[in-house]
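Here is how the chains run, residue by residue.
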Amino acid sequence: LQTTTVFFTRKDEAMIKTPAKSSFRIKHIPSYFFISAATYISNNSCSAFGSPSFFTRISSKSMSQSSSTPTDGFSFSQWSPEARNVINENCIPPLTAESYKGSSGRVGVLGGSAQYTGAPYYAAMSALNTGIDLAFVLCAEEAAVAIKCYSPELMVAPVYCAKSFDEVSNDVSGEEETKSKRELLVTNMVEKVSDLLPKIHCLIIGPGLGRCPMVFEATARIIKLAIENDVSMVIDADALFLLSLEKYRNLLMYFDGDEKGSQIILTPNIVEYERLVNAFASTNVDKDNCNNDTFIGTSLEGSIIIRKGQCDSIFRVASPPTRNIMCADEGGLKRSGGIGDVLSGSVGAFLTWHQLLKRRPDRNVGTAELLQSCWAACCLTKRATRHAFYSKKRAMSAADIIDHIGDTFDEMFG
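Everything numeric here is computed off the predicted structure, so don't read it as measured data. (Residues numbered from 1 in each chain as written. Predicted model: local features only at pLDDT ≥ 70, side-chain atom pairs only at ≥ 80, totals over all residues. Heavy atoms only, no water.)

Further remarks concern the overall build of the chain. Assigned secondary structure in the chain consists of 13 helices and 13 strands. By the burial criterion, 56% of the 414 residues in the chain qualify as buried. Partitioning the contacts of the chain with sequence separation of at least 6, the portion at a separation of at least 24 is 71%. Approximately 18600 Å² of the chain is accessible, and the part contributed by carbon and sulfur atoms is 50%. (Helix = DSSP H or I, 4+ residues; strand = E, 2+ residues; numbered from the N terminus. Buried < 20%, exposed > 50% of the residue type's maximum accessible area, 1.4 Å probe, protein only. Contact = heavy atoms within 4.5 Å. Areas by Shrake-Rupley, 256 points an atom, 1.4 Å probe, with all protein chains shown as cover.)

Take the packing of aromatic side chains next. Scanning the entire structure with this criterion turns up 14 aromatic pairs. Arranged with centres 4.9 Å apart and planes meeting at 80°, the rings of phenylalanine 74 and tryptophan 375 form a pair that is edge-to-face. In this pair, phenylalanine 74 sits in the loop between helix H2 (52–65) and helix H3 (81–90) while tryptophan 375 sits in helix H12 (residues 367–392), placing the two residues 301 residues apart along the sequence. Residue phenylalanine 74 is classed as buried on the basis of its relative accessible area of 2%. Residue tryptophan 375 is classed as buried on the basis of its relative accessible area, which comes to 0%. (Phe/Tyr/Trp six-rings, centres within 6.5 Å; stacked < 30°, edge-to-face > 60°.)

With that out of the way, let us pick up H12. For H12, which comprises 26 residues, the first-to-last C-alpha distance of 37 Å matches the rise-based estimate of 38 Å (1.5 Å per residue) to within 8%. Across the 26 residues that make up H12, a large majority, 22, are buried. Where H12 ends, the next residue or the one after it, lysine 393, has phi of about 55°, a positive value. (Expected span 1.5 Å × (residues − 1).)

As a further point, take the nonpolar core. In this structure, Ile87, Leu154, Ile314, Phe350, Trp375 and Phe413 are the most contacted members of the largest nonpolar core, which totals 63 residues. Broken down by element, the residue count for this core peaks at 12 residues, all from H12. Setting aside chain neighbours within four positions, we find isoleucine 314 in contact with Ile304, Ile305, Ile306, Arg323, Asn324, Ile325, Leu371, Cys374, Trp375 and Cys378. In terms of nonpolar packing, the next biggest core, distinct from the first, is built from 56 residues, Phe136, Leu196, Leu243 and Leu300 among them. (Core = buried A, V, L, I, M, F, W, Y, C linked by side-chain atoms within 4.5 Å.)

Attention now goes to the confidence of the model for the chain. Here the chain shows a mean pLDDT of 85. Residues at 70 or above account for 80%. Confidence over residues 27–71 falls short of pLDDT 50; this stretch has 92 contacts with residues more than four positions distant or in other chains. (pLDDT = per-residue confidence, 0-100.)

A few words on the pairing of strand S8 (residues 202–205). Residues of S8 alternate between two faces, with Cys202 and Ile204 on one and Leu203 and Ile205 on the opposite face, all of them buried. Both strand S5 (residues 106–110) and S8 contribute to a ladder of 4 bridges, which runs parallel. For valine 107, the partnering residue across the bridge sits in S8 and is cysteine 202. The pairing of S8 with strand S9 (residues 232–235) spans 4 bridges and is parallel. Note that in S9 the partner of isoleucine 204 across the bridge is valine 234. (Pairing = 2+ DSSP bridges.)

Here the focus is the packing of H3 against helix H13 (residues 398–413). Interhelical geometry of H3 versus H13 gives an angle of 105° and a closest axis separation of 9 Å. Taken together, the axes of H3 and H13 are roughly perpendicular relative to one another. Residues Arg84, Ile87 and Asn88 of H3 form the contact with H13, whose participating residues are Glu411, Met412 and Phe413. Split into classes, the residues belonging to the contact of H3 with H13 amount to 3 nonpolar, 1 polar and 2 charged. (Axes fitted to C-alpha atoms, helices over the stretch in contact; angles between N-to-C directions. Parallel < 35°, antiparallel > 145°, perpendicular 65-115°, else oblique. Nonpolar A, V, L, I, M, F, W, Y, C, P; charged D, E, K, R; others polar.)

Moving on: the sheet that holds strand S6 (residues 134–140). Reading across the sheet, the 9 strands line up as S7-S6-S5-S8-S9-S10-S11-S12-S13 and stay open at both edges, with mixed pairing between neighbours. Edge positions in the sheet fall to strand S7 (155–160) and strand S13 (325–327), since each of these pairs with one other strand and no more. Across the sheet, the axes of successive neighbouring strands diverge by a mean angle of 20°, strand direction being ignored. Across the sheet, helix H8 (residues 213–228) is in contact with S5, S7, S8, S9 and strand S10 (264–266); its angle to S9 comes to roughly 145°.

Within a regular strand, the side chains alternate between the two sheet faces. For strand S12 (residues 312–316), a buried count of 5 out of 5 residues is recorded, marking the element as mostly surrounded by other parts of the structure. Here S12 shows two buried faces, one formed by Asp312, Ile314 and Arg316 and the other by Ser313 and Phe315. The antiparallel hairpin formed by strand S11 (residues 304–307) and S12 contains 4 residues in its connecting segment. Looking at chain direction, S12 and S13 are connected through 3 bridges and run antiparallel. Note on S13: the bridge partner recorded for aspartate 312 is cysteine 327.

Taken as a whole, this structure holds 11 salt bridges when the rule is applied. Across the pair lysine 382 and aspartate 312 runs a salt bridge, and its minimum N-O distance is 3.9 Å. Note that lysine 382 is positioned in helix H12 and aspartate 312 in strand S12, a separation of 70 residues in sequence. Between aspartate 400 and lysine 392 there is a salt bridge, with its nearest N and O atoms 2.9 Å apart. (Salt bridge = Lys/Arg side-chain N within 4 Å of Asp/Glu carboxyl O.)

Relative to the helices and strands, threonine 385 resides in helix H12. Among the polar contacts made by the side chain of threonine 385, one reaches the main-chain carbonyl oxygen of threonine 381 at a distance of 2.6 Å. With residues up to four places along the chain from it excluded, the contact list for threonine 385 reads Gly332, Ile339, Met396 and Ile401. (Polar contact = N/O pair within 3.5 Å; in protein donor to acceptor, adjacent residues only side chain to side chain.)

On to the environment of leucine 128. Topologically, leucine 128 is positioned in helix H4 (residues 118–130). Separated by 217 residues in sequence, leucine 128 and glycine 345 place their C-alpha atoms 8.1 Å apart. Every residue in contact with leucine 128, bar those within four places of it in the chain, is listed here: Asp133, Leu134, Ala135, Glu153 and Leu154.

Next comes the structure, spelled out in structure tokens:
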């Protein structure tokens, strides 16, 4: 491979020439290939040629996004033994004989409604299997019993009654009694969640949350409280939809993004990311090619975004714009429901560890290491998904991925 030549001949095509003088053409190459190829070329003595207008626009941009500037020398797009050394050093607290219950982290998941009980379970169990000690699920009363029955490992606390919320939400009479009842229900939910905030290092918000307007109002207040109490958050799924609503677009404006304090990570898929762009970006933005500078000047500034896809893109919304880290590890071929919830749990685990490491006087971790932690969580999820798919093929589900997280973690970082 050291003498292989890659000719980038057009937008989605490349000509490969091998040391044996044979050549072959690859067509319809997805864009993430060029990111991986550009990273490989930059790290190896592999030559690449192509038209300046194309190669500079695509490959050089991709190399700059995965360069070492924001991550102190971290230029990996796929897992490798070298990447393992970096992640172990910067992102994973060691287990010692002095460890105690909770010293590897405590995570809360705010989600789970009358209709959706699996998503918060997947997120919480993913965090546990990644290596967190304790996981709490804060959900609707209607979801609590089901989630408790899924696993004895989870501490499940009902924080609102979906039936009561729905009844009041559907009452459009506008009477003062209805308004008072609505405020009381929302306040009670907020208070129940706020009691837990001092006990956790990270709150994952969104899996199975649903879109009840009163639940959204309570969730918005909980997000504000988490910021005030310096609790880090992973925002996913329905909570991302909440942020896109005009009423809540400035919800994160009080988050300063100081790397010494709490952190906020958003984990949108392609559809959710487009919704955020439509909500926050100016009208003259090219929404097909938007990047981390798209959200500069909005309430999302300071947060980290993991744009999920075949190749995950990880960046901090900051001015001046930072460069992206790409995770191009191969996942499974089946896209089961719940994979995003599994990722949010793994991200929550690594975010928790990042916050714990910041407290240690012998560690100096900041934005660079947090981006590396996000990358590690993405790689772990993709590789666990691949192992689950190889094992179950078309029968694979999110539960199978969770079953493979522990062994995959040990394979990658053990």
